[in-house]
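Breakdown of the fold
So you can see what is in the structure, the chains are spelled out below.
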Amino acid sequence: MIPAQFDYIAAKNLDEALQLLAQHKDNAKILAGGHSLIPAMKLRLMQPGVLIDISKIKDLAYIREEGGQVRIGAMTTHYQIESSDLLRRVCPLLTDAAPHLGDVQVRNKGTLGGSLAHADPAADWPAPILALGAEMVVSGAKGERVIKAEEFFVDLLTTALQPGEILREIRFAVSKGKAGQSYVKFRHPASGFAVVGVAVSLTKDAADKCQSASVGITGVAAKAYKATGVENALKGAALDDKSLRAAAAHAADGVTVNSDLFASAEYRKHLAEIYTRRALEQAASRA
Ligand SMILES: Cc1cc2nc3c(=O)[nH]c(=O)nc-3n(C[C@H](O)[C@H](O)[C@H](O)COP(=O)(O)OP(=O)(O)OC[C@H]3O[C@@H](n4cnc5c(N)ncnc54)[C@H](O)[C@@H]3O)c2cc1C
């Protein structure tokens, strides 16, 4: 459990971090909270020659609401999200989800950007970030680009981030009208990560039928995904027990379901359907 030797550089600002990344290329890794990277280095699953620490860059940690959008800096910790009064008011999905991550130590150091960039298939954040239809603002040597959450998660531990790029900000629109959100999770009893985690953000129309529904699921497949089968089944539907059950049955449509010693594919698919129904019920009751 001792990592291979590496150099450590604390970047003073984003420009310096980008320059260092360009200089050291594949030999370097960004260090955010270190709660995924350092364990991986201790297990020698990763052996970067240089760590570029971005945790001293204070202007990468913020939560703001501007012009109907919420903007969260990539270095914002899980605890800062959990304890944000602004988010509790405008996006309770995130304050609901945050306490599900690890323990107090993990939440104090681990960051939203680090979790999303790591793209662990059992991480919690990807599900709410997908359900919110968020956009990732990414900085690189050629400037900035924006990646939709749906396109950001590419595969197991793989994102659309290119070499030399740093995730700078996560942003999404504030829900309007009769809106309800929910995150529910079946924790792995040993690791605490998501065997299944389901995030829902929906709105009701004037007749209390489903106007829009967005569902993100983590833990079930190699990468977190939008459950479009569930979303399509809900459009215009009454949010009653029958239609929520029918929609939830589509939770694992079109994905190859993970199977491991703890949960077979069949069991995990069953959990995905049950937890999707629960998240839909909770979101509908809050809208
Ligand atoms: C005991 C324990 C329990 C945990 N339980 C859970 C859990 O229940 N649920 C859960 O979701 N997570 C859990 N985690 C993981 C935790 O949430 C991590 O904090 C998170 O996955 C990584 O964030 P970090 O800031 O620590 O990133 P780091 O570990 O510093 O970085 C992770 C990876 O992302 C890259 N990176 C980091 N920031 C950026 C950026 N801004 N731009 C580009 N690349 C970047 C790094 O180079 C590295 O490859 C747990 C961790 C531990 C140690």
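Cut-offs applied
- Residues numbered from 1 in each chain as written.
- Predicted model: local features only at pLDDT ≥ 70, side-chain atom pairs only at ≥ 80, totals over all residues.
- Heavy atoms only, no water.
- 1 Å grid on protein atoms, 1.4 Å probe; cavity = no way out; pocket = protein on both sides within 12 Å on 5 of 7 lines; lining within 4 Å.
- Points joined across faces, edges and corners; volume = space filled by probe spheres on them.
- Nonpolar A, V, L, I, M, F, W, Y, C, P; charged D, E, K, R; others polar.
- Domains from an automatic or database assignment.
- Contact = heavy atoms within 4.5 Å.
- Salt bridge = Lys/Arg side-chain N within 4 Å of Asp/Glu carboxyl O.
- Polar contact = N/O pair within 3.5 Å; in protein donor to acceptor, adjacent residues only side chain to side chain.
- Helix = DSSP H or I, 4+ residues; strand = E, 2+ residues; numbered from the N terminus.

For the coordinates displayed, the defined rule picks out 1 cavity of 30 Å³ or more. Taken together, Ala119, Asp120, Pro121, Pro126, Phe153, Asp155, Thr218, Lys223 and Ala224 form the lining of the largest cavity. Tallied by class, the residues present in the lining of the largest cavity amount to 5 nonpolar, 1 polar and 3 charged. Among the domains, domain 2 (62–173) and domain 3 (178–286) are the pair contributing at least three residues each to the lining of the largest cavity.

Each assigned domain of the protein is listed here: domain 1 (7–53), domain 2 (62–173) and domain 3 (178–286). For domain 2 versus domain 3, the distance between C-alpha centres works out to 20 Å. Contact residues are listed per partner, giving 23 residues for domain 2 and 25 residues for domain 3. Scanning the region where domain 2 abuts domain 3 turns up 2 salt bridges. Residues Arg286 and Asp96 are paired through a salt bridge, measuring 2.8 Å at the closest nitrogen-oxygen approach. At the surface where domain 2 touches domain 3, the tally comes to 12 residue pairs in polar contact (both at pLDDT 80 or more). Secondary-structure elements contributing two or more residues to the side of domain 2 that touches domain 3 are helix H5 (92–97), helix H8 (126–131) and strand E8 (153–155). Residues of the side of domain 2 that touches domain 3, tallied by class, amount to 16 nonpolar, 2 polar and 5 charged.

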